[in-house]
Structures are given as C-alpha cells and as structure tokens.
Amino acid sequence: MKLICFGIGLVVTLSSLIYGLYTNEWETSVKIIGISAVVPLLITGLLTGAFVSGDRNRANYNTEVKKDRDGKSKWITGLLLISAPNAVSMIIFIVIATISS
C-alpha cells in the first residue's frame, strides 16, 4: 500500500514535469504539482483533527473505535506518501526560482 501511494505521487510529479517539458508551459505543471501536494495535506489535516481544538480532538480520539483509528491512520500515511514527491518538487522549484531571480 505504501509503495503504491508513493508511486502515485511520483507518477503525478513526473507526468507534470514531462507535460511542462514538451509544451513549455511550466506554470501549468507547477500548478498541478502544487495542487497535488496541498490537497492531500489538507485532507490529512482533516483526518487527524488538526483544525479542531485540543478538547474536541481528545474527545474524538477517546470515543473512536481502534479499528476505525487504524483505518484512518492508513489513509493518513497513504495521503502523505502521495503528497511527498510533489512537495519535494515544489521546494525544488521554489529554490530554483529564488536562485535564478
């Protein structure tokens, strides 16, 4: 499962880079990679309860069944692995843009 999710992230990143290389539309490639990096991170934040107060998060954790918690943990790991190659690519683009300007 982990390797598949990381592979999905790599395929999105590489296909966006190939698209940018062939069409010379790097703005579109960067947008695709950026969206592919941010959306899984936002969904992960929702699943972990990062956007609620500590009391609410603790209450949700204590009322949740372990089986559901484990399933949610697998989703979180998968989404982070999908986002990782795209986030690294975005960091590289930002560094290159900063250096070249």
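Scroll up for the structure.
Values in this document were obtained by computation on a predicted structure and should not be read as measured data.

(A) Layout of the side chain of S29. Positionally, S29 belongs in helix α2 (residues 26-48). Overall, the relative accessible area of 0% leaves S29 in the buried class. Excluding residues that lie within four positions of it along the chain, S29 makes contacts with S16, Y19 and G20.

(B) View of α2. Its 23 residues give α2 an end-to-end C-alpha distance of 33 Å, which sits within 8% of 33 Å, the value for a rise of 1.5 Å per residue. Of all the residues in α2, the buried ones are S29, I33, G34, S36, A37, P40, T44 and G45. Of the surrounding secondary structure, the elements contacted by the buried residues of α2 are α1 (2-23) and α4 (66-100). G49 occupies a position one or two residues after α2 and carries a positive phi of about 85°.

(C) Just the packing of aromatic side chains, in detail. Counted under the stated rule, the structure contains 0 aromatic pairs. A cation over an aromatic ring shows up here: R69 above the ring of Y61, its NZ or CZ 4.2 Å from the ring centre.

Calculation notes
- Residues numbered from 1 in each chain as written.
- Predicted model: local features only at pLDDT ≥ 70, side-chain atom pairs only at ≥ 80, totals over all residues.
- Heavy atoms only, no water.
- Helix = DSSP H or I, 4+ residues; strand = E, 2+ residues; numbered from the N terminus.
- Buried < 20%, exposed > 50% of the residue type's maximum accessible area, 1.4 Å probe, protein only.
- Contact = heavy atoms within 4.5 Å.
- Expected span 1.5 Å × (residues − 1).
- Phe/Tyr/Trp six-rings, centres within 6.5 Å; stacked < 30°, edge-to-face > 60°.
- Lys NZ or Arg CZ within 6 Å of the ring centre and 35° of its normal.

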